[in-house]
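Overview (structure and organization)
Listed here are the chains, written in short residue letters.
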Amino acid sequence: MATTGFTLSPTSTLFLTVFLAVLTLTVCLQVPLYNSQDQRSLGWTTYHETSSVQPEWTETGPSGGRRYQICRFANGGRQNNWLRTTWIDAKQANRVAVEIDFSMRECVDIPGAVSCKETFDLYYYETDSDNADQNWPPWSSPPYNKVDRIAADGRFTHDTEVINTKTRHFGPITRNGFYLAFQDQGSCLAILKLKVYYLACQEITMNFAYFPKTPAGPKSTALVQVTGDCIDFSQPIGPENPVYQCQSDGTWTLIDGSCACSPGYEATSDRACQACFAGEYKVNIGNSACKACPAQSYSLSQASAQCLCTEGYYRANKDPVSDPCTAPPSEPTGVRATVSESSVVTLFWNRPHNTGGRIDIFYRIECELCHGDQCQPCSYTVQYSPTQYGLTSSSVNISRLDSYTEYRFKVYAENGVSRLSGIESYATVNATTSSAVPSTVRAVRVTAETENTIELQWLVPEFPNGEILEYEIRYHPQAASVEGSKYQVSKPSNTGTQNAIVSQLEPGTDYSFEIRARTEAGFGVYSYPTTAKTSGGTSVPIEAIAGSIAAVVIILILAILIIFIIMSRRRKGYELRDTSTVYTNGEVLLPPSNKGKTYIDPHTYEDLNLAVKEFAKEISATYVKIEEVIGGGEFGDVCRGMLKMPRREPKIVAVKTLKPGASLKDRNDFLTEASIMGQFDDPNVIRLEGVITKSRPVLIVIEYMENGSLDRFLRNNDGKFTVIQLVGMLRGIACGMRYLSEMNYVHRDLAARNILINHRLVCKVADFGLSRIKEEGAYETKGGKIPIRWTAPEAIAYKKFTSASDVWSYGIVMWEVMSYGERPYWNWSNRDVIKSVEKGYRLPPPMDCPQALHQLMLDTWQKDRINRPTFLNIVNTLDRLIRNPSTLKNIIKARPYNPLDPSTPDMTQFRSVAEWLESIKMGRYINAFAEAGYLKLDDVVRLMLHDLPRIGITLVGHQKKIMNSIQALRTQMGKDNVIPVLV
Ligand code: AMP
């Protein structure tokens with residue numbers, strides 16, 4: 001049989017090391033306390049109980065070989081002869097060893113020695129000092145402690161001496177020292193040598209730990225436990241220092257633990273650790289050797305536990321220090337975007353050229369909504385598939401984007417050290433969404449089910465992107481596949497909430513429903529499937545049916561009773577309303593043109609609280625947390641808050657407060673707005689969440705619009721939007737107004753200040769109620785304040801407020817939007833405005849306003865209200881313009897100076913560049929012009945578009961404004977020939 005080789009496992013290697021260590025520890029240490037051979041004379045004390053002619057204890061021999069001997073035996077006589085050493089210092093001994101060399105004469109060799117003995121007794125007596133004398137302690141046991149009776153193994157006859165060596169131990173030692181005593185009881189004995197010592201484990205360094213010299217324990221079974229100290233540059237392996245035991249025989253045994261060289265140090269033997277050299281490192285506690293620093297790292301000093309990364313390189317938390325340092329990746333390459341019909345942007349990219357030496361490359365997407373150079377983060381509702389962060393694929397789908405909007409996407413390439421480096425490597429791509437199809441319908445739910453029908457309800461898409469022509473409902477039994485689906489078409493109703501009943505369904509069957517909207521541009525995406533089960537389908541016993549019928553009859557009777565009571569309680573209110581179908585403006589309420597709801601004036605209720613109760617949901621004050629004041633309303637602060645309703649996602653809301661100490665009239669006026677708003681349900685009309693009237697302060701909770709009022713928002717963002725974006729805002733307002741007009745609600749104060757705009761630039765009509773007109777300089781009449789600049793002539797003249805007068809106001813809002821919040825009719829007085837409009841003057845197109853939009857404004861300002869478009873017409877016109885953006889390209893250029901029209905200022909009047917810049921509201925660039933050396937208007941007229949960025953004018957809107965004004969300057973200063981072309 002062949003022999004097999006073997007290798008040692010780590011454990012067996014360790015065992016071997018320890019075993020070897022224990023072997024070398026067996027050399028024990030004898031610490032001498034007394035040696036008779038070291039003495040020139042011994043001078044021990046003797047005692048003989050009886051006198052005899054025979055020799056007593058006698059000291060003889062040469063120096064260094066002194067001995068005591070005795071040979072005293074008497075026929076029949078009793079012998080008791082003691083010999084006591086000098087006092088022996090016990091030092092650190094716990095237990096003492098006595099080694100005696102002696103010789104003993106054989107009794108048979110002594111003729112006539114009847115009571116001869118061949119043994120002697122060894123005793124000790126402990127004292128703290130050398131205080132014994134001839135008489136004390138008494139020569140007996142006790143007080144002497146007997147160690148042993150010692151017999152001679154080899155006895156000699158008269159001619160040859162045989163030496164016996166015996167060792168005896170005793171302990172524990174409790175005093176500073178002791179005497180040894182020998183008792184002879186009639187032998188012929190010589191104590192030749194006496195060696196006294198104690199055993200100790202010797203000082204030792206093993207396994208990188210130092211153990212001091214340690215006396216053995218007091219008993220033969222005693223073990224002394226000692227904790228070692230790790231040597232320099234080493235430390236314990238594990239939580240504790242190593243522990244050894246000193247055994248009674250003076251040898252060490254390992255109990256537990258070991259030390260090893262510290263990080264930055266390597267072992268030279270098992271007793272010493274030395275520092276790693278510069279350029280090397282050692283990371284762990286252990287006895288392995290130092291290693292050279294990995295790539296892209298260094299160590300400048302000795303004893304480095306790890307190497308530092310060279311500049312531009314990093315080590316991620318989880319990277320082992322033995323790995324090279326790495327760098328963040330370069331930016332992704334080949335980033336490109338495609339935009340689908342339904343405004344889904346797909347981004348693609350390739351791996352970065354440089355991965356920084358790592359394999360853990362991942363990508364992150366950032367989406368920004370840009371207006372020229374100004375970008376802001378996209379809404380949190382934007383969806384990324386598969387995900388926005390930590391992408392490992394090299395493409396992503398981004399949905400829920402707004403239509404007709406320019407986005408900028410940043411694709412970041414990252415790896416495990418990107419965050420450490422703080423370096424961002426990204427590539428940017430722009431994409432403009434141009435969805436023509438509607439977005440998904442919202443909030444699909446089942447409102448009723450019978451054996452064969454299911455009634456569905458949903459909200460119109462947030463972005464219809466045109467007029468919705470129909471909804472398509474796709475449904476199939478849940479158990480069947482989608483291929484076998486049936487389809488049903490539902491015509492849109494005029495409210496935000498849409499309904500449809502799907503019929504001819506199987507009883508007791510689970511169905512899946514999906515709904516999508518269609519505009520002229522086509523179908524949108526189906527909604528997420530909603531499931532519902534038709535009732536019935538299982539046979540029911542006849543008794544159960546009879547019982548159910550009886551129950552239904554009872555419920556019906558009860559319901560009729562309740563309805564009767566409610567009707568009779570409300571009749572009063574309705575009677576009042578019926579007799580007052582005349583508005584304050586004198587207009588008769590027409591029967592609703594749609595089959596949906598009609599607005600009910602809360603003032604037709606006898607008690608406003610009833611209207612509030614009917615139209616506004618009461619919310620518990622505990623669900624609303626007010627966070628920050630964001631504006632001042634007529635009745636109190638407007639705040640941002642958090643609404644946390646049970647079982648609903650928390651949402652940010654705006655909270656209108658009624659200031660403390662408000663009168664009852666104020667309270668009613670305040671709540672009127674809620675009872676009006678609560679009747680509306682449209683994506684472009686501000687939504688009421690509810691009211692808090694049962695506690696103080698009284699609050700109205702409405703949806704939160706991040707960008708606040710439109711007029712201020714536009715003024716703060718002058719020139720930053722594309723025409724399409726501005727038209728998108730106008731479309732939203734028109735849709736909201738179309739809804740309100742269909743509800744037969746006349747707003748009367750439609751103005752940019754009463755439009756709120758959210759973070760996605762969706763505009764919503766706000767500010768309802770009657771005593772709310774807050775236009776500065778509003779014209780006070782008997783019928784209340786009138787915001788002259790926004791109001792149609794017939795409404796100013798004889799309070800004819802109608803949806804057609806709202807259309808006029810809408811035209812003014814269009815003008816406000818296109819001029820970024822300019823005040824209509826500038827600083828003219830109300831009287832001048834009325835007179836001019838009466839004479840036929842109409843606001844001119846704002847700068848850069850597409851011809852088509854100004855035409856629409858002029859249409860809304862038709863003197864005869866019958867000739868004005870309806871809101872439905874306006875929405876359709878805007879949709880047409882959006883679908884054909886080329887129609888918006890025809891921009892009206894700067895018009896010649898017209899003293900009646902402040903938008904065509906008299907350029908010759910400016911005395912300085914500063915004055916000119918102020919006049920076009922570009923005063924912020926006064927210093928920039930001066931610093932760039934444009935100190936006189938003569939210099940300014942030479943400016944070209946490409947000069948502007950150098951001056952610091954980078955916003956496209958501002959560049960256009962300035963260049964248009966320069967063109968007017970040139971014309972009026974007769975310097976048209978100075979610069980040939982303008983953009
Ligand atoms: P109002 O009393 O409605 O005119 O509101 C006063 C101001 O509060 C407005 O000009 C806005 O700046 C702000 N505000 C009102 N309602 C909201 C809202 N729903 N979201 C955000 N800000 C609002």
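Looking at an unreviewed UniProt entry, one finds the chain named receptor protein-tyrosine kinase, with Saccoglossus kowalevskii as its source organism. Quoted straight from UniProt, the Subcellular location (unreviewed entry) entry for the chain says "Membrane".

Along the chain, the regular secondary structure elements total 17 helices and 52 strands. Counting over 983 residues, the chain shows a buried share of 47%. A separation threshold of at least 6 residues defines the contact pool for the chain, and within that pool the share at least 24 residues apart is 65%. Accessible area of the chain: about 48,500 Å², with a carbon and sulfur share of 53%.

Here we come to the pattern of salt bridges. Summed over the entire model, instances satisfying the criterion amount to 33 salt bridges. Salt-bridge contacts for Glu470 lead to Arg518; the nearest nitrogen and oxygen are separated by 3.0 Å. Of this pair, Glu470 sits in strand E38 (residues 470-477) while Arg518 sits in strand E41 (residues 510-519), placing them 48 residues apart in sequence. A residue is classified by how much of its surface remains accessible, and Glu470, at 12% relative accessible area, is buried. The partner of Arg868 in a salt bridge is Glu794, with the nearest N and O atoms 2.8 Å apart. Residue Arg868 is found in the loop between helix H11 (851-860) and helix H12 (871-883), and its partner Glu794 is found in helix H8 (residues 793-798); the two are separated by 74 residues along the sequence. Glu794 carries the same exposure label as Arg868, and that label is buried. One network of salt bridges, in which partners are shared, links Lys651, Arg687, Glu689, Glu703 and Lys764.

Pairing in this open sheet of 4 strands is antiparallel, and the strands run E31-E30-E34-E35 from one edge to the other. This sheet does not close on itself; its edge strands, each paired only once, are strand E31 (374-377) and strand E35 (425-432). Between one strand axis and the next, the sheet turns through 35° on average, direction left out of account.

Membership of the largest hydrophobic core comes to 110 residues, with the highest contact counts inside it found for Phe409, Leu710 and Ile733. For this core, the element with the most residues is helix H7 (residues 723-742), which contributes 11 residues. Residue contacts for Leu710: discarding those within four places in its chain leaves Met729, Ile733, Ala752, Ile755, Ile757, Cys763 and Val817. Core analysis: the next-biggest nonpolar cluster, separate from the first, contains 34 residues, Tyr34, Leu42, Leu122 and Ile173 among them.

Moving on, we get to the sheet that holds strand E45 (residues 637-643). The sheet built from 5 strands is open, its strands ordered E44-E45-E46-E48-E47 with antiparallel pairing. Two strands in the sheet have a free side with no partner beyond their single neighbour: strand E44 (624-632) and strand E47 (688-692). Direction aside, the axes of adjacent strands within the sheet are offset by 30° on average. For E44 and E45, the ladder comprises 7 bridges, and the chain directions are antiparallel. Residue pairing across strands places Glu628 opposite Arg640, the latter belonging to E45. Across the sheet, helix H5 (residues 664-677) touches strand E46 (651-657), E47 and strand E48 (699-703), and the angle it forms with E48 is around 35°.

Moving on, we get to the packing of aromatic side chains. All chains considered together, the criterion is met by 43 aromatic pairs. Seen from their ring centres, Tyr511 and Phe513 are 6.2 Å apart, and the 35° between their planes marks the pair as tilted. According to the relative accessible area criterion, Phe513 is buried, its value standing at 0%. With centroids separated by 5.3 Å and ring planes inclined at 65°, the aromatic side chains of Phe680 and Tyr745 adopt a geometry described as edge-to-face. On the criterion of sequence distance, the pair formed by Phe680 in the loop between H5 and E47 and Tyr745 in the loop between H7 and strand E49 (755-757) is long-range, its members being 65 residues apart. For the pair Phe680 and Tyr745, a shared accessibility class is recorded, and that class is buried. Feature note: the residues Tyr47, Trp82, Tyr123, Tyr125, Trp136, Trp139 and Tyr144 constitute an aromatic cluster, connected by ring pairs. Just above the ring of Tyr412 sits the side chain of Arg364; from NZ or CZ to the centre is 3.8 Å.

Glancing now at the side chain of Thr802. Inspection of the secondary structure assignment puts Thr802 in the loop between H8 and helix H9 (803-818). For Thr802, a relative accessible area of 4% puts it in the buried group. There is a polar contact of 3.1 Å between the side chain of Thr802 and the backbone nitrogen of Ala804.

With 20 residues, H7 extends 28 Å between its outermost C-alpha atoms, agreeing within 8% with the 28 Å of an ideal straight helix rising 1.5 Å per residue. The element H7 is largely enclosed, with a buried count of 18 among its 20 residues. Asn744 occupies a position one or two residues after H7 and carries a positive phi of about 65°.

A few words now on the environment of Lys863. Along the chain, Lys863 turns up in the loop between H11 and H12. A C-alpha to C-alpha distance of 9.0 Å links Lys863 and Val837, two positions 26 residues apart in sequence.

To continue, consider unusual backbone geometry. For the bond running from Pro142 to Pro143, omega is 10°, close enough to zero to count as cis. Locating Pro143 in the fold gives a position in the loop between strand E8 (119-127) and strand E9 (145-151). Between Arg696 and Pro697 the backbone carries a cis peptide bond, its omega angle lying at -5°. Within the element layout of this structure, Pro697 appears in the loop between E47 and E48. We note that Arg647 has phi near 60°; this positive angle belongs to a residue other than glycine.

Before going further, it helps to examine the side chain of Thr604. Position of Thr604 relative to the elements: it lies in the loop between helix H3 (542-579) and helix H4 (608-615). Polar side-chain contacts of Thr604 include one of 2.6 Å to the backbone oxygen of Asp601.

A word on the environment of Gly736. Within the element layout of this structure, Gly736 appears in helix H7. Setting aside anything within four residues of it in sequence, one finds Gly736 in contact with Asp682, Asn684, Val685 and Val765.

To characterise two packed helices, one gives the angle between the axes of the helices and the distance between these axes. Between H11 and H12, whose axes approach to 11 Å, the crossing angle comes to 175°. The angle between the axes of H11 and H12 places the two elements in the roughly antiparallel class. Every residue of H12 that contacts H11 at Ala852, Leu853, Leu856 and Thr860 is listed here: Ile874, Thr877, Leu878 and Leu881. Here the residues of the contact of H11 with H12 are counted per class, giving 6 nonpolar, 2 polar and no charged.

Taken together, Tyr298, Leu300 and Leu308 make up a surface patch of nonpolar side chains, about 330 Å² in accessible area. Positionally, Leu300 belongs in the loop between strand E26 (297-298) and strand E27 (308-309).

Taken together, the buried positions of H11 are occupied by Leu853, His854, Leu856, Met857 and Thr860. Around the axis of H11, the buried residues are gathered within 155° of arc, so they sit on the same side.

Turning next to the packing of H7 against H9. Contact geometry of H7 with H9 gives a least axis separation of 11 Å together with a crossing angle of 165°. The pairing of H7 with H9 is recorded here as roughly antiparallel in orientation. Regarding H7 and H9, the two cross each other, and that crossing is right-handed. On H9, the residues that touch Leu726, Leu730, Arg731, Ile733, Ala734, Met737 and Ser741 of H7 are Ser803, Asp806, Tyr810, Val813, Met814, Val817 and Met818. Its residues placed into classes, the contact of H7 with H9 shows 10 nonpolar, 2 polar and 2 charged.

About the criteria used
Residues numbered from 1 in each chain as written. Predicted model: local features only at pLDDT ≥ 70, side-chain atom pairs only at ≥ 80, totals over all residues. Heavy atoms only, no water. UniProt positions renumbered as here; feature names shortened; annotations may be inferred. Helix = DSSP H or I, 4+ residues; strand = E, 2+ residues; numbered from the N terminus. Buried < 20%, exposed > 50% of the residue type's maximum accessible area, 1.4 Å probe, protein only. Contact = heavy atoms within 4.5 Å. Areas by Shrake-Rupley, 256 points an atom, 1.4 Å probe, with all protein chains shown as cover. Salt bridge = Lys/Arg side-chain N within 4 Å of Asp/Glu carboxyl O. Pairing = 2+ DSSP bridges. Axes fitted to C-alpha atoms, helices over the stretch in contact; angles between N-to-C directions. Core = buried A, V, L, I, M, F, W, Y, C linked by side-chain atoms within 4.5 Å. Phe/Tyr/Trp six-rings, centres within 6.5 Å; stacked < 30°, edge-to-face > 60°. Lys NZ or Arg CZ within 6 Å of the ring centre and 35° of its normal. Polar contact = N/O pair within 3.5 Å; in protein donor to acceptor, adjacent residues only side chain to side chain. Expected span 1.5 Å × (residues − 1). Parallel < 35°, antiparallel > 145°, perpendicular 65-115°, else oblique. Nonpolar A, V, L, I, M, F, W, Y, C, P; charged D, E, K, R; others polar. Patch = residues over 30% accessible without salt bridge, like charges linked within 9 Å, V, L, I, M, F, W, Y side chains within 5 Å. Arc of directions from axis to C-beta. Left-handed = near helix turned anticlockwise from the far one by under 90°.

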